[in-house]
Amino acid sequence: MTRPTVSYAIECAGLVKVYEGDPPVQAVRGIDLRVPAGICFGLLGPNGAGKTTTLEILEGLLEPTEGSVRVLGCSWEDGDSGLRRRIGVSLQETRLSERLTPRETLRLFRSFYGCGPSAEELLALVGLQEKADSYVRHLSGGQKQRLAVACALVGDPELVFLDEPTTGLDPHSRRQVWGIIASLRRQGRTVVLSTHYMEEAERLCDRIAIIDRGRVIAEGAPSELIAQLGGEHVIEIAAADSLPDHLDDLEQLASVRRVRRFQNMVQLTVSEPQEALEELLCYLRQRGIELQTLRARHASLEDVFLSLTGRTLVEADA
Amino acid sequence: MPGWQSWLQQLREHPLYQLTITRLVEFYREPEAVFWVYVFPLLMTVGLGIAFRNEPVVRVVVDVVERPGAEQLVQRLLGAGGGGSGRVAGFHFRVERVPEAEARRRLRVGKTQLVLLPEREVGQGEPSARLLYDPTRQDSVLARLAVSEALRHGIRRKATHGVREEAVTQPGGRYIDFLIPGLVGMNLLAGGLWGIGYVAVELRVRNLLKRFLATPMRRSHFLLALMLSRFFFTATEVVLLLIFAYWAFDLVIYGSLWQVAVLLVLGAWSFSGLGLLTASRARTLEAISGLINLVTLPMWLLSGVFFSYERFPQAAHPFIRLLPLTSFNDALRGVMLEGRALSEQPFEMANLMLWGVVCFALALKWFRWR
């Protein structure tokens, strides 16, 4: 595979997409992205945030209402046949023909490219050799998803788009898909995926953009984003009786960076968990507060999303 | 040899071949679809063919009394080897051989329409008979006429009444002959609309159209494959139907077979254009089903599938003749039943082509790929 010398696989600026209707829906409200070549880039956000619309604009399947897109140094307006050969796409929901076998499906897709790995190589890559000749309708959800990923790879693409590759899969199947995606990156391809699982983004992606309501609200490496919280650990406490209303003085504790309340739970972002715990327990003892729950953990992208939007990803999905 | 093989390999890897073959494979793996496309039209032909077959109107039940000379009478009536029933001069005879007392009882209670009593032989073995009938019963009077007519024909083969009779029930003029081209047209139309229109919308609903669009696939390959695969089904279906009609109903094609073939290709192409146009915007299977019914039902009624559109008011004929299915049915009946050439039917041919061209142009313009 020859790698072109573009520093960015994707550059887009000022993307806006408005779906006509009554009222018109603004799915994307000004998105700028730069995806360096050779990395795995994640679009993380709740359902309806505009991830799929953004991806489909980048894939040249939707026209943006405003904004400019360059993919692998080319623009979709310059005629797409050359660019199409260099990218691979897996859409969010494609029902492949139920009565074809994975081998037949891959041969069909391969015929559009006229080159690239053989059906057998692709089946081996996604671990579907045993199912190569059973009908697609007899495959499990995870196997279908792996077949969809294989279909995205038939043209030996430099850039692969995967729209929610693991949504609805069980943990085992999810891990299998993760393995395939990690191997794509190792082969030097650029991968752009969307997900609403922060664990997936954290584990697979070199960089992520957190998207909410059609905008990028944060961008960077997962560790950078977590570091921006000011501390890498989270302590959550809940009391048997309701906690007193005024706990603002918790912020006075030396190691506590931030305090947030949810109903009768309090969440502290801390830099030094051991120190913070000692201070916290002392503080609670002084005030005679009895704890029901105490939980200390590493900060995650979930906490980043929460701190940026005031909602959890799960709440935002609902 | 290697050149030939590599050519075959290239063909197998060609997107048009792959798109066509996968549609064919998918179709044949779906038993219901095979039933509706292949078996159902045959069943319909059988059903309608039997329901509307041309039967002699008059059925005559005759009792022949078992006596010497009875067999000769029966032979005279039905011809040699007639057994117990037969068709003579437009009448359908059923003959029972019974003793005299039983025959008279059956005549009295109306179980038979006429009793033939063989009489002593006269002359050179000519059978002679007494004819018992009930002059107050219409069927009995009719039976008397039928039997004496049949016997007279039998006795003097060359009837010289000054009137010559000619039966006109040759293949070509029967209902089944009218029906078969209509069914072919109906199936072709259904093939274009369901086989192309519905399938295209189904692929759209499944997001597969969009998925294909994300590859370097050429749209023309996709549409052409859709048509080729459908044409393969339709062609086999029509050939099966014609062979079946030939075997079961003595179907005769008066015109040339290759003109029939040309017309089938033109019709299939024109109707696929119509199917594609119908499917160009629909986003749901409900919508496309409704649209297809909207397009096909009026044509099934008006275009002369089951009965001639001559039955509709004269004023409606110009409109009816503009419908593509009318043109197809008229042209096919022209070739099959009248032996006319396609060139003798310029209006039908032009109308069919125009529908195809306009539908394709609009469909390609409006077709929603995502």
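Further up the page is the structure itself.
What counts and what doesn't
Residues numbered from 1 in each chain as written. Chains lettered and ligands numbered in written order. Predicted model: local features only at pLDDT ≥ 70, side-chain atom pairs only at ≥ 80, totals over all residues. Helix = DSSP H or I, 4+ residues; strand = E, 2+ residues; numbered from the N terminus. Buried ≥ 20, exposed ≤ 12 C-beta atoms within 10 Å, placed from the backbone. Contact = placed C-beta atoms within 7 Å. Axes fitted to C-alpha atoms, helices over the stretch in contact; angles between N-to-C directions. Parallel < 35°, antiparallel > 145°, perpendicular 65-115°, else oblique. Left-handed = near helix turned anticlockwise from the far one by under 90°. Nonpolar A, V, L, I, M, F, W, Y, C, P; charged D, E, K, R; others polar. Pairing = 2+ DSSP bridges. Expected span 1.5 Å × (residues − 1). Right-handed = clockwise from strand over helix to strand, strands pointing away. Core = buried A, V, L, I, M, F, W, Y, C linked by C-beta atoms within 7 Å.

A. Broad picture of the overall build of chain B. A count of helical and extended segments in chain B gives 14 helices and five strands. Taking all 370 residues of chain B together, the buried fraction comes to 38%. Summarising the internal contacts of chain B: among those between residues at least 6 apart in sequence, 75% fall at separations of at least 24.

B. Quick look at the packing of helix α7 (residues 175–205) of chain B against helix α11 (residues 285–302) of chain B. All names here are of chain B. In the contact formed by α7 and α11, the axes pass within 10 Å of each other and the chain directions differ by 170°. With respect to each other, α7 and α11 are oriented roughly antiparallel. Considering only the axes of α7 and α11, their crossing is right-handed. From α7, Met-186, Leu-189, Ala-190, Leu-193, Trp-194, Gly-197, Tyr-198, Val-201, Glu-202 and Val-205 reach across to α11, where they touch Leu-285, Ile-288, Ile-292, Val-295, Thr-296, Met-299 and Trp-300. Class assignment of the residues belonging to the contact of α7 with α11 gives a composition of 14 nonpolar, two polar and one charged.

C. Quick look at the sheet that holds strand β12 (residues 265–270) of chain A. All names here are of chain A. Taken in spatial order, the four strands line up as β11-β12-β10-β13 in an open sheet, and their pairing is antiparallel. Two strands bound the open sheet, and with one partner strand each, they are β11 (256–262) and β13 (291–298). Put simply, the sheet's adjacent strands are angled 15° from each other on average, direction ignored. When strand β10 (residues 233–239) meets β13, the two strands line up antiparallel, connected through seven bridges. Paired with Ile-235 across the bridge in β13 is Ala-296.

D. Fine view of the interface of chain A and chain B. Across the boundary between the two partners, chain A contributes 20 residues, which contact 21 residues of chain B. Looking at the side of chain A that touches chain B, the elements with two or more residues in it are α2 (81–86) and α3 (102–113) of chain A. With seven residues, the top contributor of residues to the side of chain A that touches chain B is α3 of chain A. Taken together, the residues of the side of chain A that touches chain B sort by class into eight nonpolar, four polar and eight charged.

E. Summary view of α11 of chain B. All names here are of chain B. Across its 18 residues, α11 extends 26 Å between first and last C-alpha, which sits within 8% of the 26 Å expected from 1.5 Å per residue. Next to the buried residues of α11 lie α7, α10 (257–279) and α13 (324–338). Trailing α11 by a residue or two, Gly-304 shows a phi angle of about 75°, which is positive.

F. The pairing of strand β6 (residues 159–163) of chain A, seen in detail. All names here are of chain A. For β6, the buried fraction is high: five of the five residues fall into the buried class. Alternating positions in β6 separate into two faces, Leu-159, Phe-161 and Asp-163 on one and Val-160 and Leu-162 on the other, with burial throughout. As paired elements, strand β5 (residues 87–90) and β6 share four bridges and run parallel to each other. Bridge pairing links Gly-88 to Val-160 in β6. Note: β6 against strand β7 (residues 190–195), five bridges, orientation parallel. When the sheet's bridge partners are listed, Leu-159 is paired in β7 with Thr-190. Note that the unit made of β6, helix α6 (residues 171–186) and β7 has a crossover that is right-handed.

G. Looking closely at unusual backbone geometry. All names here are of chain A. A cis amide bond links Asp-22 with the next residue in sequence, Pro-23, at an omega value of 0°. Position of Pro-23 relative to the elements: it lies in the loop between β1 (8–19) and β2 (25–36). Although it is not a glycine, Glu-164 sits at a positive phi angle of roughly 45°. The topology assignment puts Glu-164 in the loop between β6 and α6. With 23 C-beta atoms packed within 10 Å, Glu-164 lands in the buried category.

H. Focus on the nonpolar core. Within the largest apolar cluster, 139 residues are counted, with the highest numbers of intra-cluster contacts made by Ala-150 and Val-191 of chain A. In terms of residues, this core owes the most to one element, α7 of chain B, which gives 17 residues.

I. The arrangement of the sheet that holds strand β9 (residues 215–220) of chain A in detail. Residue and element names in this part refer to chain A. The mixed open sheet is built from six strands, whose spatial order is β5-β6-β7-β3-β8-β9. Where the open sheet ends on each side, the last strands, each with one partner, are β5 and β9. Across the sheet, the mean angle separating the axes of adjacent strands is 15° when strand polarity is ignored. Here α6 sits on the sheet in contact with β3 (40–44), β6 and β7, set at roughly 150° to β7.

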